[in-house]
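Survey of secondary and tertiary structure
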Amino acid sequence: GLSAFFGGRVADVGGGTGGMAESIWKSAGLNSPILVVDPSEKQIEIAKHKQGVTTLVSSVDEFMTSADVKSYNKYLICFAVHHFPDQQRVFKMMYNCLPTGGQVLIIQFPEKFPLPLWKAALAKRAKVEPLDNTVQYLQEAGFTVERGEEKCHRTIQKDKYFTKLRNRVYTVLELFTTEEIEIGIKELSTTLKDSEYFEYDEIYAVVKATK
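Source: prediction; values computed, not measured. (Residues numbered from 1 in each chain as written. Predicted model: local features only at pLDDT ≥ 70, side-chain atom pairs only at ≥ 80, totals over all residues. Heavy atoms only, no water.)

**Here's the deal with the overall build of the chain**
- Scanning the chain for helices and strands turns up eight helices and seven strands.
- Taken against the 2.2 N^0.38 rule, which gives 17 Å for 211 residues, the C-alpha radius of gyration of the chain at 18 Å falls within 12% of a compact globule.
- Taken over the C-alpha atoms alone, the chain extends approximately 55 × 35 × 30 Å along its principal axes.
- The proportion of buried residues among the 211 residues of the chain is 43%.
- Intrachain contacts of the chain at a sequence separation of at least 6 include 72% that bridge at least 24 residues.
- Here the chain has roughly 11,100 Å² of accessible surface; of this, 50% comes from carbon and sulfur atoms. (Helix = DSSP H or I, 4+ residues; strand = E, 2+ residues; numbered from the N terminus. Rg over C-alpha atoms; globule rule 2.2 N^0.38 Å. Buried < 20%, exposed > 50% of the residue type's maximum accessible area, 1.4 Å probe, protein only. Contact = heavy atoms within 4.5 Å. Areas by Shrake-Rupley, 256 points an atom, 1.4 Å probe, with all protein chains shown as cover.)

If you want it as structure tokens, here you go:
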């Protein structure tokens, strides 16, 4: 379980629309809100309306050099680590800012993507930098690193899932045009056949780094 991580003051770095932060805030029963940090004003505008969340429009570099950064002892990075232009530098900055015992928690889809995607999307997804590199960069920065997996069994309506794909909820989909996504959905419709719902195991790779 991840609940032990969420004691203290948590900053969700690259937190986007705050959906993950809100979900964690509710399930972990936190007293303090989670700070969602993201460079996109559009994303933060949505995050402002989430429960248990405070917001900051900022790049990771700006946040790590701000006066506020030292008031947080936990950094959460959900499905965002591949957006960091220089992971090695960011993790060194995080190590320097955290107090002893402070932690970074990275949640990422594993290299083998756990959801149904069409062939071209899976091929592009495979080119994402492996999590092994992230673990190495954290260790080089000075962290003690643990690695594991969390699994959730989900059932989703096929049409709802296709809407998620059209809304490009997974980063890899940003590499496709609207037309290409529609072709991919058509391919998936054939694969998933006639059922209105489908079940799958959503698997998350979890990396916990402690100073």
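Here the narrative resumes, following the displayed structure.
**As for helix 7 (residues 158-166)**
- For helix 7, the set of buried residues is Lys158, Tyr161, Phe162 and Leu165. Viewed end-on, helix 7 has its buried residues packed into an arc of 100°, placing them on one side of the element. Across helix 7 from its buried face, at more than 90 degrees, point the exposed residues Asp159 and Lys160.
- Buried residues belonging to helix 7 abut strand 6 (144-157), helix 8 (178-192) and strand 7 (197-210).
- Arg168 sits one or two positions beyond helix 7 and adopts a positive phi of about 55°. (Arc of directions from axis to C-beta.)

**A few points about the nonpolar core**
- Of all hydrophobic cores here, the largest spans 36 residues; its most connected members are Trp118, Tyr161 and Leu165.
- Secondary-structure elements contributing two or more residues to this core are helix 1 (19-28), strand 2 (34-38), helix 2 (41-47), strand 4 (74-78), strand 5 (103-108), helix 7, helix 8 and strand 7.
- When sequence neighbours within four positions are dropped, the list of residues in contact with Tyr161 reads Leu115, Pro116, Leu117, Ile156, Tyr170, Leu188 and Phe198.
- Formed by 32 residues, the second largest nonpolar core is a distinct cluster that contains Tyr72, Val81, Val90 and Leu131. (Core = buried A, V, L, I, M, F, W, Y, C linked by side-chain atoms within 4.5 Å.)

**A word on the environment of Glu179**
- Relative to the assigned elements, Glu179 resides in helix 8.
- Separated by 13 residues in sequence, Glu179 and Arg166 have C-alpha atoms that sit 10.0 Å apart.

**A word on the packing of helix 7 against helix 8**
- Running from N to C, helix 7 and helix 8 point in directions that differ by 155°, and their axes come no closer than 10 Å. What the angle tells us is that helix 7 and helix 8 run roughly antiparallel. When you trace helix 7 past helix 8, the crossing you get is right-handed. Residue-level inspection shows Lys158, Tyr161, Phe162, Leu165 and Arg166 of helix 7 in contact with helix 8, the latter providing Ile181, Glu182, Ile185, Leu188, Ser189 and Leu192. (Axes fitted to C-alpha atoms, helices over the stretch in contact; angles between N-to-C directions. Parallel < 35°, antiparallel > 145°, perpendicular 65-115°, else oblique. Left-handed = near helix turned anticlockwise from the far one by under 90°.)

**Here we look at the sheet that holds strand 1 (residues 10-13)**
- Read across the sheet, seven strands follow the order 3-2-1-4-5-7-6 without closing on themselves; strand pairing throughout is mixed. Two strands bound the open sheet, and with one partner strand each, they are strand 3 (53-57) and strand 6. Strand-to-strand, the axes of this sheet are offset by a mean angle of 20°, without reference to chain direction.
- Alignment of strand 6 against strand 7, held across 14 bridges, turns out to be antiparallel. By the bridge assignment for strand 7, Glu149 is matched with Ala205.
- On top of the sheet, helix 4 (residues 87-97) reaches strand 1, strand 4 and strand 5; it is set at about 155° to strand 4, its chief contact.
- Against the sheet, helix 6 (residues 131-141) contacts strand 5, strand 6 and strand 7, and its axis sits at roughly 145° relative to strand 6. (Pairing = 2+ DSSP bridges.)

**Comments concerning the packing of aromatic side chains**
- Following the criterion strictly, the structure yields six aromatic pairs and no others.
- Members of the aromatic cluster, connected to one another through ring pairs, are Phe63, Tyr72 and Tyr75.
- When the ring centre of Tyr72 is taken as reference, the NZ or CZ atom of Arg9 above it lies at 4.5 Å.
- Here the basic side chain of Lys211 rests over the ring of Tyr95, its NZ or CZ set 4.8 Å away from the ring centre. (Phe/Tyr/Trp six-rings, centres within 6.5 Å; stacked < 30°, edge-to-face > 60°. Lys NZ or Arg CZ within 6 Å of the ring centre and 35° of its normal.)

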